[in-house]
Amino acid sequence: MKIDNSLPLEYKTEQNRLNILGFWIFLGAEVMLFATLFATYFTLQHRTGNGPSGAEIFEITPVLIETILLLTSSFTIGLGVHAMRIGKKKAMMSFFAITLLLGLAFLGVEIYEFTHYTHIGAGLQVSAFTGILMTTLGTHGAHVTLGLFWGLFIILQVKKQGLTPKTANKAFIFSLYWHFLDVVWIFIFSFVYLKGMM
Amino acid sequence: MSELFPRKQVMGFVFSMVLTAAALTVYFLDVSFAVGMTILLVTAFVQAAVQLVVFMHAGETEDKQVIYMNIYYAVAIALVTVFGTLLIMVWDM
């Protein structure tokens, strides 16, 4: 195993480096997945049938709360990776835990939002618009849900095994995933919500 | 304690909040569709770039070129997918 000490822990071996590169390629594919959802959303957003339009159901307060929660969680996981790189295991685990709590809060608001939409007659099957809206939001929300479990397992592994090249590599890759979800949310925030309420 | 909060990341976070506030002007101020879309496109793509460079450390190893090439490719395909669809299905050209 070739060990390079000029790089952070998570890049220590050739395999580690390739894992990170491979994950970037996966994220590239994820970009395209969300692009198809956005393309479909823009196509169907005015096909509201007898249901409500975006302007009628979107509310700024929950959307803004979700945005701030996710942006902050992206910041705290960045701090977590930084703490990991200077070898502070406790601080790293705390930042990762805060990140997951913020993610959980985000998910809570999103679930509230979904039940609210269903109550006011904008459920999944009402129109092409509500269908694609909930599919797009739901795909992002499903990613966040997966991330919560993934992150929890990362914290448990770091707790058990300490900061090794292996666990650091896994933690770094998880941080890439989490930042990516934040990027996707920025586009949902801008081109689904703000554009819809403009 | 301060070593846990590197300046670069704190500034990145502040900047992302500023960009969010800038994007919100399209909701709180009465702007035309064209101006609003311009603001949103600029704030969203700058915001994404901040995440990539500051938080995701996209350019810190020798894989930098491959990683950026992969991102450019993904973004290019995404833009072709979205604008190609808009062109045909929405703008009717």
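Residues numbered from 1 in each chain as written. Chains lettered and ligands numbered in written order. Predicted model: local features only at pLDDT ≥ 70, side-chain atom pairs only at ≥ 80, totals over all residues.

**Observations concerning the overall build of chain B**
Move 1: Broken down by element type, chain B carries three helices and zero strands.
Move 2: N-terminal to C-terminal, the α/β element order of chain B is α-α-α.
Move 3: Relative to the 2.2 N^0.38 estimate, which gives 12 Å for 93 residues, the radius of gyration of chain B is 17 Å and therefore markedly larger than a compact globule would have.
Move 4: Principal axes of the C-alpha set define a box for chain B whose edges measure 55 × 35 × 10 Å. (Helix = DSSP H or I, 4+ residues; strand = E, 2+ residues; numbered from the N terminus. Rg over C-alpha atoms; globule rule 2.2 N^0.38 Å.)

**As for the overall build of chain A**
Move 1: On a plain count of helices and strands, chain A comes out with six helices and zero strands.
Move 2: When the helices and strands of chain A are placed in sequence order, the string is α-α-α-α-α-α.
Move 3: C-alpha atoms of chain A, sized along the principal axes, occupy 65 × 30 × 25 Å.
Move 4: Evaluated residue by residue, chain A yields a buried proportion of 44% over its 198 residues.
Move 5: If you take every contact in chain A between residues at least 6 apart in sequence, the share linking residues at least 24 apart comes to 77%. (Buried ≥ 20, exposed ≤ 12 C-beta atoms within 10 Å, placed from the backbone. Contact = placed C-beta atoms within 7 Å.)

**Observations regarding the packing of helix α1 (residues 14–44) of chain A against helix α3 (residues 64–90) of chain B**
Move 1: The N-to-C vectors of α1 of chain A and α3 of chain B enclose an angle of 10 degrees; their axes lie 9 Å apart at closest approach. Relative to α3 of chain B, α1 of chain A is oriented roughly parallel.
Move 2: Residue composition of the contact of α1 of chain A with α3 of chain B, by class: 21 nonpolar, six polar and no charged. (Axes fitted to C-alpha atoms, helices over the stretch in contact; angles between N-to-C directions. Parallel < 35°, antiparallel > 145°, perpendicular 65-115°, else oblique. Nonpolar A, V, L, I, M, F, W, Y, C, P; charged D, E, K, R; others polar.)

**Things to note about the nonpolar core**
Move 1: With 72 residues, the main nonpolar core has Phe38, Phe96, Val184 and Ile188 of chain A as its most contacted residues.
Move 2: Every element with two or more residues in this core is listed here: α1, α3 (60–85), α4 (89–119), α5 (128–161) and α6 (165–197) of chain A together with α1 (7–28), α2 (33–55) and α3 of chain B.
Move 3: Setting aside anything within four residues of it in sequence, one finds phenylalanine 38 of chain A in contact with Phe187 and Phe191 of chain A together with Val82 of chain B. (Core = buried A, V, L, I, M, F, W, Y, C linked by C-beta atoms within 7 Å.)

**Describing the interface of chain A and chain B**
Move 1: Contact residues are listed per partner, giving 38 residues for chain A and 39 residues for chain B.
Move 2: Every element with two or more residues in the side of chain A that touches chain B is listed here: α1, α3 and α6 of chain A.
Move 3: Residues that form the side of chain A that touches chain B fall into these classes: 26 nonpolar, nine polar and three charged.

**Focus: the environment of glycine 103 of chain A**
Residue and element names in this part refer to chain A.
Move 1: Tracing the chain through its elements places glycine 103 in helix α4.
Move 2: When the C-alpha positions of glycine 103 and threonine 67 are compared, they lie 11 Å apart, and in sequence the two are 36 residues distant.
Move 3: With sequence-adjacent residues up to four places away left out, glycine 103 is seen in contact with Ser73, Val144, Gly147 and Leu148.

**Focus: α1 of chain A**
Move 1: Taking 1.5 Å of rise per residue, the 31 residues of α1 of chain A would be expected to cover 45 Å, and the 46 Å separating its terminal C-alpha atoms lies within 8% of that figure.
Move 2: Elements in contact with the buried residues of α1 of chain A: α5 and α6 of chain A together with α3 of chain B. (Expected span 1.5 Å × (residues − 1).)

**Quick look at the confidence of the model for chain B**
Move 1: Averaged over every residue, the pLDDT of chain B is 90; residues scoring 70 or more account for 100%.
Move 2: Complex prediction metrics read pTM 0.92 and ipTM 0.91. (pLDDT = per-residue confidence, 0-100.)

**A look at the packing of α3 of chain A against α1 of chain B**
Move 1: Here α3 of chain A crosses α1 of chain B at 165 degrees, and the two axes come no closer than 10 Å. Compared by their axis directions, α3 of chain A and α1 of chain B come out roughly antiparallel. Crossing of α3 of chain A against α1 of chain B: the hand is right-handed. Contacts between α3 of chain A and α1 of chain B pair Ile60, Thr67, Leu71, Phe75, Gly78, Leu79 and His82 of chain A from the former with Gln9, Phe13, Ser16, Met17, Thr20 and Tyr27 of chain B from the latter. (Left-handed = near helix turned anticlockwise from the far one by under 90°.)

**Here's the deal with the confidence of the model for chain A**
Move 1: Put simply, chain A has an average pLDDT of 92, and 97% of its residues get 70 or more.
Move 2: By mean pLDDT, helix α2 (residues 54–57) of chain A is the weakest element of chain A at 91, and α5 of chain A is the strongest at 96.

**A short note on the environment of phenylalanine 34 of chain A**
Move 1: Within the secondary structure, phenylalanine 34 of chain A sits in helix α1.
Move 2: Sequence separation between phenylalanine 34 of chain A and histidine 140 of chain A is 106 residues, and the spatial gap between their C-alpha atoms is 8.6 Å.

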